[in-house]
Amino acid sequence: QKEVEQNSGPLSVPEGAIASLNCTYSDRGSQSFFWYRQYSGKSPELIMFIYSNGDKEDGRFTAQLNKASQYVSLLIRDSQPSDSATYLCAVKKGYALNFGKGTSLLVTP
Amino acid sequence: DVKVTQSSRYLVKRTGEKVFLECVQDMDHENMFWYRQDPGLGLRLIYFSYDVKMKEKGDIPEGYSVSREKKERFSLILESASTNQTSMYLCASSFAGATEAFFGQGTRLTVV
């Protein structure tokens, strides 16, 4: 079992819709979770992080964490074509981050 | 603004060459990391360092070594480059004790 799993997609949503990106992890002791966005040919950039069960909102983005189910998700409201990118879920493991393979999101006008 | 700078965006090297990839950060971060990113495989950790002269193997250290002589600089060394080391290499840094990692712009290395 992979430590951090994401559906590779592509996930296609129309402009203005809510995009829902999901991630599961295998280490029940994990404490810190991160969402990165990566545009084609660019390096990953942090969108947000979450440590506690529940929801965390930042602008159009909401991260949701359920430690009992070992599940973390990212919701993007009012999706824009500029949100089209690969979204990487990462889980802290010791000093480093353990990444999923990413979900490709396409927002169509 | 955090700045993590990698010395080259694109690099082409020959099989068997010794290759140095350099990374510098300006935020006094304790931790520094080298990842490689390949289609279908995602980001994989090669090596990391949590202090000057300290290094730890990541998930795929074979064929690589690292050097950290100064806090701000972390070098990745390919001892004898091979074609299967053709990849995007990403350096990252972070403060000790958790929180997010910040990435450099990446070096796309091609070994021919």
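Residues numbered from 1 in each chain as written. Chains lettered and ligands numbered in written order. Predicted model: local features only at pLDDT ≥ 70, side-chain atom pairs only at ≥ 80, totals over all residues. Heavy atoms only, no water.

**Some thoughts on the environment of A:I76**
Residues and elements named next belong to chain A.
- Summarising the element assignment, I76 is placed in strand β8 (residues 71–76).
- Using a relative accessible area of 0% as the deciding quantity, one classes I76 as buried.
- With ten residues separating them in the primary sequence, I76 and T86 have C-alpha atoms 13 Å apart.
- Sequence-distant contacts of I76, that is, excluding residues within four places in its chain, are made with A17, I18, A19, L21, R60, F61, D83, Y87 and L105. (Helix = DSSP H or I, 4+ residues; strand = E, 2+ residues; numbered from the N terminus. Buried < 20%, exposed > 50% of the residue type's maximum accessible area, 1.4 Å probe, protein only. Contact = heavy atoms within 4.5 Å.)

**Regarding the pattern of salt bridges**
All names here are of chain B.
- On inspection of all chains with the given rule, the structure shows nine salt bridges over all chains.
- The salt bridge involving E79 is made with K18; its shortest N-O contact spans 3.7 Å. With E79 in the loop between β8 (73–78) and β9 (87–94) and K18 in the loop between β2 (10–13) and β3 (19–25), the pair connects residues that are 61 residues apart, well separated along the chain.
- Since its relative accessible area comes to 40%, E79 is described here as partly exposed.
- Between D38 and R44 there is a salt bridge, with the nearest N and O atoms lying 2.9 Å from each other.
- A residue is classified by how much of its surface remains accessible, and D38, at 10% relative accessible area, is buried.
- Using a relative accessible area of 24% as the deciding quantity, one classes R44 as partly exposed.
- Via salt bridges that share partners, R36, D38 and R44 belong to a single interconnected network. (Salt bridge = Lys/Arg side-chain N within 4 Å of Asp/Glu carboxyl O.)

**Some points on the state of the cysteines**
- Summed over the entire model, instances satisfying the criterion amount to two disulfides over all chains.
- Each disulfide pairs two cysteine sulfurs, and for A:C23 the partner residue is A:C89, the sulfurs being separated by 2.1 Å. Judged by the sign of its S-S torsion, about -70°, the cystine formed by A:C23 and A:C89 is left-handed. Here A:C23 is found in strand β3 (residues 19–25), whereas its partner A:C89 is found in strand β9 (residues 85–93), with 66 residues between them in sequence. In this structure, A:C23 and A:C89 share a single accessibility class: buried.
- At a sulfur-sulfur separation of 1.9 Å, the disulfide partner of B:C23 is B:C91. The disulfide joining B:C23 to B:C91 has a torsion of about -75° about its S-S bond and is therefore left-handed. Note that B:C23 is positioned in strand β3 and B:C91 in strand β9, a separation of 68 residues in sequence.
- The class of B:C23 is buried, set by a relative accessible area of 0%.
- Residue class for B:C91 comes out buried when judged on its relative accessible area of 0%. (Disulfide = S-S within 2.5 Å.)

**Focus on the side chain of B:Q25**
All names here are of chain B.
- For Q25, the position within the fold is in strand β3.
- On the accessibility criterion, Q25 (3% relative accessible area) is buried.
- A polar contact of 3.1 Å, which involves the side chain of Q25, links it to the backbone nitrogen of M27.
- A polar contact is formed between the side chain of Q25 and the backbone oxygen of K71, at a distance of 3.3 Å.
- Residue contacts for Q25: discarding those within four places in its chain leaves K3, V4, M32, R68, K71, E72 and S93. (Polar contact = N/O pair within 3.5 Å; in protein donor to acceptor, adjacent residues only side chain to side chain.)

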